[in-house]
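Observations on the three-dimensional arrangement
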Amino acid sequence: MALEHAILVSLLEKPGSGYELARRFDRSIGYFWTATHQQIYRVLKRMESEGVLDVREVPQQGRPDKKEYSVAAPGRAALSGWLHEPIEPESLRHDLAVKIRGAAFDDPAALVDEVERHLEVHRARLAHYLSGELRDFTGPDAPAPLDAGQELQHVVLRGGIAYERMTVAWLDDVLATLHTLGRTSPSA
């Protein structure tokens, strides 16, 4: 997927400024597709010059006017074309998994701190996803019923939740294995 597609989806969900779009990437879509603020602004400028985005100046009190981006007809057509193209299934390229396998040729206990660090990151991300799900989809303030866009956002979030739960369970298993190997290692 190109950054352009992620930007088109986000702007179709809600038009906004480059700053607002960058914040959305930080808060939600960025968990599935990451980009720096500089990359987002660079791609927005190119997409504007290619005519796939509409831009309007929004006056602001006491601050410079801001640009609000929305998707133009050619942008919708580009996204539609991409949505109908097949994509390759994701491959799991996982540096930590290679390190874990490589630990058989070194001291497995040396990986404990690194695995614990990854575990904390995934636990925090899972908590963030669950909080967002409660806030936006399942809690008392969530809209009912959800519209099609909200249903699709929720199903992607549920995929993220399932992935993080699986990853946390796997890392717990890795830690248990490393601790067991540390107790049975001849150097222990």
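Fair warning: this is a prediction, and the values are worked out from it, not measured in the lab. (Residues numbered from 1 in each chain as written. Predicted model: local features only at pLDDT ≥ 70, side-chain atom pairs only at ≥ 80, totals over all residues. Heavy atoms only, no water.)

Description of the overall build of the chain
Condition: Strands are runs of DSSP state E lasting at least two residues, helices are runs of H or I lasting at least four, and both sets are numbered from the N terminus onward. Computation of the radius of gyration draws on C-alpha atoms, with the globule rule given as 2.2 Å multiplied by the number of residues to the power 0.38. In this scheme, a residue with accessible area under 20% of its type's maximum is buried, one over 50% is exposed, and one in between is partly exposed, where area comes from a 1.4 Å probe on protein chains only. Here a residue-residue contact requires only that any non-hydrogen atoms of the pair lie within 4.5 Å.
Looking only at helices and strands, the chain has seven helices and two strands in total. Secondary structure elements in the chain, listed N-terminal to C-terminal, are α-α-α-β-β-α-α-α-α. For the chain, the C-alpha radius of gyration of 21 Å lies well beyond 16 Å, the compact-globule estimate for 188 residues. Projected onto its principal axes, the C-alpha coordinates of the chain cover approximately 70 × 45 × 40 Å. Counting across all 188 residues of the chain, residues that qualify as buried make up 30%. Long-range contacts, defined as pairs at least 24 residues apart, comprise 55% of the intrachain contacts of the chain with a sequence gap of at least 6.

Here we look at the pattern of salt bridges
Note the following rule: Any carboxyl oxygen of Asp or Glu within 4 Å of a side-chain nitrogen of Lys or Arg constitutes a salt bridge here.
Within the structure shown, the criterion is met by 10 salt bridges. A salt bridge links E48 to K67; its shortest N-O distance comes to 3.5 Å. With E48 in helix 3 (residues 37-49) and K67 in strand 2 (residues 66-71), this pair connects stretches of sequence that are 19 residues apart. E48 gets classed as partly exposed once you look at its relative accessible area, which sits at 29%. Residue K67 is classed as partly exposed on the basis of its relative accessible area of 35%. Residue E164 is joined to R125 by a salt bridge in which the shortest nitrogen-to-oxygen separation is 3.6 Å. Here R125 lies in helix 6 (residues 112-138) and E164 lies in helix 7 (residues 148-184), a separation of 39 residues in the sequence. Residue E164 is classed as buried on the basis of its relative accessible area of 2%.

A closer look at the nonpolar core
Grouped burial of nonpolar side chains is what soluble globular proteins tend to show. Using the following cut-off: By nonpolar core is meant a set of buried Ala, Val, Leu, Ile, Met, Phe, Trp, Tyr and Cys residues that side-chain atoms within 4.5 Å join together.
Ranked by internal contacts, the top residues of the largest apolar core, which has 19 residues, are I7, L11, F25, I40, L44 and L53. Looking at this core, the elements with two or more residues in it are helix 1 (3-13), helix 2 (18-27), helix 3, strand 2 and helix 4 (73-83).

Here we look at the packing of helix 1 against helix 2
Filter applied, for reference: The axes used here are C-alpha line fits, helices contributing only the stretch in contact, and every angle between their N-to-C directions lies in the interval 0 to 180 degrees. Here the angle decides the label: under 35 degrees means roughly parallel, over 145 means roughly antiparallel, 65 to 115 means roughly perpendicular, and every other value means oblique. Note on residue classes: Ala, Val, Leu, Ile, Met, Phe, Trp, Tyr, Cys and Pro are nonpolar, Asp, Glu, Lys and Arg are charged, and everything else, Gly too, is polar.
Two elements in contact, helix 1 and helix 2, have axes whose closest approach is 11 Å; the angle formed by their N-to-C orientations is 105 degrees. In terms of orientation, helix 1 lies roughly perpendicular with respect to helix 2. Along the contact surface, helix 1 presents L3, A6, I7, S10 and L11, while helix 2 presents L21, R24 and F25. Taken together, the residues of the contact of helix 1 with helix 2 sort by class into six nonpolar, one polar and one charged.

A short note on the domain arrangement of the chain
For clarity, the threshold we go by: Note that domain bounds follow an automatic or database assignment of domains. Within 3.5 Å is the distance limit for a polar contact, defined as a pair of N or O atoms, with the added protein rule that one can donate a hydrogen and the other accept it, and that residues adjacent in sequence qualify only through two side-chain atoms.
Per the domain assignment, the segments of the chain are domain 1 (1-84) and domain 2 (95-184). Taken over C-alpha atoms, the centre of domain 1 sits 29 Å from the centre of domain 2. Contact with domain 1, which involves four residues of that partner, is made by six residues of domain 2. If you look at where domain 1 meets domain 2, you find zero salt bridges. At the boundary of domain 1 with domain 2, the tally comes to one residue pair in polar contact (both at pLDDT 80 or more). Here the side of domain 1 that touches domain 2 is composed, by residue class, of two nonpolar, no polar and two charged.

Thoughts on helix 3
Stated formally: Given a helix with a known number of residues, its expected span is that number minus one, times 1.5 Å.
Compared with the 18 Å implied by 1.5 Å per residue over 13 residues, the 19 Å span of helix 3 between its first and last C-alpha is a close match. Summarising the contacts, the buried residues of helix 3 are in contact with helix 1, helix 2, strand 1 (53-58) and strand 2. Immediately downstream of helix 3, the backbone of G51 shows phi near 85 degrees, a positive value.

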